[in-house]
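Structure assessment
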Amino acid sequence: MKYFLPALFGLLTTLWSCEQQPPTKSIPQLTPQSGAGQALDMWTLQRSYPDRTISTSNLTTAFNDRQATALSRDSEANWESIGPKNIAGRTLKLAFHPTDTQTIFLGSASGGLWKTTSAGLGVAAWERIDIGFPVLAVSSIAISQSNPDIMYIGTGEMYNSEETKPGVVNRLTRGTYGFGIFKSTDGGKSWEKSLDWSYQDMRAVQDIVFNPLDENILYAATSIGLMKSENAGADWTVIHDIPMAVDVEINPIDTNIIYVTHGSLFQDDSGIFRSNDSGNSFKKLRIGVPTTYSGKAMLTLDPTDSSTLYASVADAFRSRGLYRSSNNGESWVQVNEEDVAMFQGWYSHDVVVNPTFPQSVVQLGIDVWKSDHQGLTPFQQTSWLRGRFGKNPVGVPDGPPDYVHSDIHQAIFHPLLPNTLFLATDGGVFVSGDGGETFASRNGGLQTTQFYANFANSTTNADFAIGGMQDNSTAIYTGDFEWTKVIGGDGMSAAIDPEQDNIVYGSFQSLNIFRSTDGGQNFEDIAPMAIKPAFSAPFEIAPSNPRVLYAGGRLLFKSTNRGNSWSTPNANFIDGGNAILKIAVAPDNLNRLLVSTAPNVTGTANIFKSEDGGVSWTKLTGLPDRLATDLVFHPENPDVAFITFGGFRSFHVYQTMDGGQNWFPIDNNLPDIPHNSLIIDPAQPNNIYIANDLGVYVSEDAGGTWLPFMEGLPEVTLAMHLSISPANQKLRVATHGNGVFETDLVGKVISSLPQERVPQPLTLGQNFPNPARNQTTIPFTLTKKSTVSLSLFSSSGQLVKKLEVGDFLQGEHQYEIDVSNLASGSYLYELSSKAKGKPWVRQQKWLIKKGG
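Residues numbered from 1 in each chain as written. Predicted model: local features only at pLDDT ≥ 70, side-chain atom pairs only at ≥ 80, totals over all residues. Heavy atoms only, no water.

Observations concerning the sheet that holds strand S50 (residues 664-665)
Paired through backbone hydrogen bonds, the strands of a sheet run either parallel or antiparallel to each other. Spatially, 4 strands are ordered S47-S48-S49-S50 in an open sheet, and the strand pairing comes out antiparallel. Looking at which strands have only one partner, the edges of the open sheet turn out to be strand S47 (628-633) and S50. Relative to strand S49 (residues 653-656), strand S48 (residues 641-645) is paired through 4 bridges, and the arrangement is antiparallel. Residue pairing across strands places Thr644 opposite Val653, the latter belonging to S49. (Pairing = 2+ DSSP bridges. Helix = DSSP H or I, 4+ residues; strand = E, 2+ residues; numbered from the N terminus.)

Details of the pairing of strand S29 (residues 421-425)
Counting buried positions over the 5 residues of S29 gives 5, a clear majority of the element. Side chains Leu421, Leu423 and Thr425 project from S29 onto one buried face, and the interleaved Phe422 and Ala424 project onto a second face that is buried too. Pairing between strand S28 (residues 408-413) and S29: 5 bridges, direction antiparallel. Looking at S29, one finds that Ile412 is bridged to Phe422. If you look at the hairpin formed by S29 and strand S30 (residues 428-432), you'll find 2 residues sitting between the two strands. (Buried < 20%, exposed > 50% of the residue type's maximum accessible area, 1.4 Å probe, protein only.)

Quick word on the sheet that holds strand S5 (residues 113-116)
Reading across the sheet, the 4 strands line up as S3-S4-S5-S6 and stay open at both edges, with antiparallel pairing between neighbours. Two strands lie at the open edges of the sheet, namely strand S3 (91-96) and strand S6 (126-129), each paired on one side alone. Each neighbouring strand pair of the sheet contributes to a mean axis angle of 25°, computed without reference to strand direction. Sheet topology note: the S3/strand S4 (residues 104-108) ladder contains 5 bridges and is antiparallel. Of the residues in S4, the one forming a bridge with Lys93 is Gly107. (Axes fitted to C-alpha atoms, helices over the stretch in contact; angles between N-to-C directions.)

Description of helix H3 (residues 56-68)
For an α-helix the count is 3.6 residues per turn, leaving residues at separations of three or four pointing the same way. Compared with an ideal rise of 1.5 Å per residue, which puts 13 residues at 18 Å, H3 spans 18 Å between its outermost C-alpha atoms and is within 8% of the ideal. Residues of H3 that are buried include every one of Thr56, Ser57, Asn58, Leu59, Thr60, Ala62, Phe63 and Arg66, and no others. Turning to H3, the residues buried within the fold contact strand S53 (696-699) and strand S54 (707-708). (Expected span 1.5 Å × (residues − 1). Contact = heavy atoms within 4.5 Å.)

Looking at the packing of aromatic side chains
In the structure shown here, the tally under the stated rule is 21 aromatic pairs. Arranged with centres 4.9 Å apart and planes meeting at 40°, the rings of Trp346 and Tyr347 form a pair that is tilted. Across this residue pair, the class does not change: Trp346 and Tyr347 are buried. One aromatic cluster is present, formed by Phe451, Phe455, Tyr477 and Trp483 through successive ring pairs. The ring of Phe481 is capped by Lys85, whose NZ or CZ atom sits 5.0 Å from the centre of that ring. When the ring centre of Trp197 is taken as origin, the NZ or CZ atom of Arg203, which lies over that ring, is 5.2 Å away. (Phe/Tyr/Trp six-rings, centres within 6.5 Å; stacked < 30°, edge-to-face > 60°. Lys NZ or Arg CZ within 6 Å of the ring centre and 35° of its normal.)

Some remarks on the confidence of the model for the protein
This prediction gives the protein a mean pLDDT of 89; 90% of its residues lie at or above 70. In this model residues 1-32 is a low-confidence stretch, pLDDT under 50, and it forms 89 contacts with partners more than four residues away in sequence or in other chains. Across residues 163-172, where pLDDT falls below 50, the model places 52 contacts with residues more than four positions away in sequence or in other chains. (pLDDT = per-residue confidence, 0-100.)

Quick notes on the pairing of strand S63 (residues 825-835)
Within S63, 9 of the 11 residues are buried, leaving the element largely enclosed by the surrounding structure. With 9 bridges connecting them, strand S60 (residues 786-794) and S63 associate as antiparallel partners. Its bridge partner being in S63, Ser794 is matched across the sheet by Tyr827. Alignment of S63 against strand S64 (residues 841-849), held across 9 bridges, turns out to be antiparallel. Note that in S64 the partner of Gly825 across the bridge is Lys849. Where S63 folds back on S64, the antiparallel hairpin that results is connected by 5 residues, among which Gly837 adopts a positive phi of roughly 75°.

Remarks on the pattern of salt bridges
Summed over all chains, the structure comprises 18 salt bridges. Linking Glu611 and Arg592 is a salt bridge whose minimum nitrogen-to-oxygen distance equals 3.1 Å. Of this pair, Glu611 sits in the loop between strand S45 (607-610) and strand S46 (618-619) while Arg592 sits in strand S44 (residues 589-597), and the two are 19 residues apart along the sequence. Classification of Glu611 as partly exposed rests on a relative accessible area of 39%. Lys730 is paired through a salt bridge with Asp744; the nearest N and O atoms lie 2.9 Å apart. Of this pair, Lys730 sits in strand S56 (residues 730-735) while Asp744 is found in strand S57 (residues 740-744), placing the two residues 14 residues apart along the sequence. Residue classification places Lys730 among the buried positions, given a relative accessible area of 17%. Exposure remark for Asp744: the relative accessible area of 10% places this residue in the buried category. (Salt bridge = Lys/Arg side-chain N within 4 Å of Asp/Glu carboxyl O.)

Shown next as structure tokens:
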């Protein structure tokens, strides 16, 4: 069927909550699955498989190393945003300045901390605040009411305290790296650590509140329990050690009374608790309110009666209801049975009381519900998913007055603006000036969209590109900050026919592929009949014949007519039912393929190769058991290919020189963090770019040395996908939290003046002879006197030997090593050098050992 965009708007608003599972040809699941859940599942799986940990410490180390090193290509990078600035991404928290109605701080899910001085009004209302630390998710904000220069932010997004078995199809888990709590004493201009989790595994801070009568006392709801500081954040102590503390409230009259909720996805020890002695002891509240639930609970106090409070309680996939207590939580009455949270009970819902009209209670989940009689009369729905598709101007409301983006994480009334309600949602910020009856977005310039893989560019028009975003559909770039929304759902991979710009492809989760033949004005469904594909299922255009498409579910699908029909070259699962995650097609041979799979069925992530268009497959060996995040053929030599991997404690970039028979890592000085994308400049094939969870790196010697390439990007950037815009020779990075940026390629001529280069402190040459039998010589050049060491690794990344070579003067050198006792095969040798007062520098190359 074919959709025209205005008609598509009506159909999508009826059927497709962006966080709901949109209509799909996949076999339906018995348990409801939300796009948010599957997105977090996929994000986590790429980073935690196989040891079930997300190492915040590794990202901290990578960030610190990058800050300390003088070696980079940052000065050559000139990254600039290309948007979108009219489509905001997932927003977790808002906090108001206590005296200035126009100043608001915002915490995004993976795009950092933001601030507005216009209450969100205007085309450039929001600006990102760098804090000097690698903070991505800002999940809580507290501003002192007596001195607004004093602020705290909590970091990390987390919805489950325990990892479960890795899977792509039906596992919902964590969110984004957490580094603890940070404090500012100058209104957010500079920050210092308060609670330091920089070297822990995944943790999160869900809520921070001041004691209103003594602001030296703070409470923080964290993934390890409720914490307290009695000295303005200098020290923190766990005072209630049940995991996944979510929401904390303090009685403003008697601050000895503290309420906290615990619970997360399928957590056993959930519940609502109260302390009457400032947190020294807690009592579980049981009368009239659920004592356990599989989602989470959110609280609010009546601002005019501190003994009255409300609790929005939900199981993972359905609301339990809204409960009211008028006796400090001793007993409760259910006042709303509406399924407000629906399948997002573990993820997004809230409740708030209007301080201007305390009879008015607003409960929020997928949409907004409101009662003007403390819930004693039925709640009425006041918002629906009726946002605009097409091109919405920056700073203009995203939809009609009854539209709020689905999945509302926080509701908060402005203390200085009567009857004014602000909402933090998966589509940014919304405000209601009439207490929750009508709404308008306030997202001008809030560039926090979370892109997924395969951002696509026109080969001939620099002002034409397309990409998919978490909970915000797919968007088309046409040369300015105002992008055009199309298709719906959680936008996934996209493509533009390299020969005909009018043929455009987009997709949403679970391999729902759409095609346009008029440049993105209209789209039609061309998805194959895939059984339980991955959330972020791939499709690719064959570079040598754009009529040929490949798509991956459990099976590989092939189309020879641009998606009009599909076949399965092999009717059997490639990998025992594991879902296909990535596909690569050789540039000159549409039958030479690489695919990667997820470990959701067999328990192991794998890579396969086909030489006959998917009819037969060979499992590749010598690679780490990590999720492969990108597969790339060399543009000039199909026997050369690269693979990037997620996870930690492993090499992340592998290369083959012989068509996949042997693989060796080329990480060299890349950090031990998940790597997400790789691209080779076809005009300068020695120039390779890498995107990882810190940002972008470049190698100008085919992977021998990597240097940061980040000037102009946020201080830490979840760089998800790299692409090249051939029409203007720009490198583009689609980020998971800060939209899309572009910069000139390294080596591009931008001036008639010669470009000065800083000499490399270490240049490693190729060993000779190569292949070697008994002895081989390794040449290298130093620009300063340095200490040198040599390490030899197997093709699977295992250390074979390490030699302390010694001290060498500036100049050219050769070092001979004995390889007679090595087995035949491929080895990676790494030379490390350290000049006085300088950091270690490493370079790697591969060595072939022949028998003899």
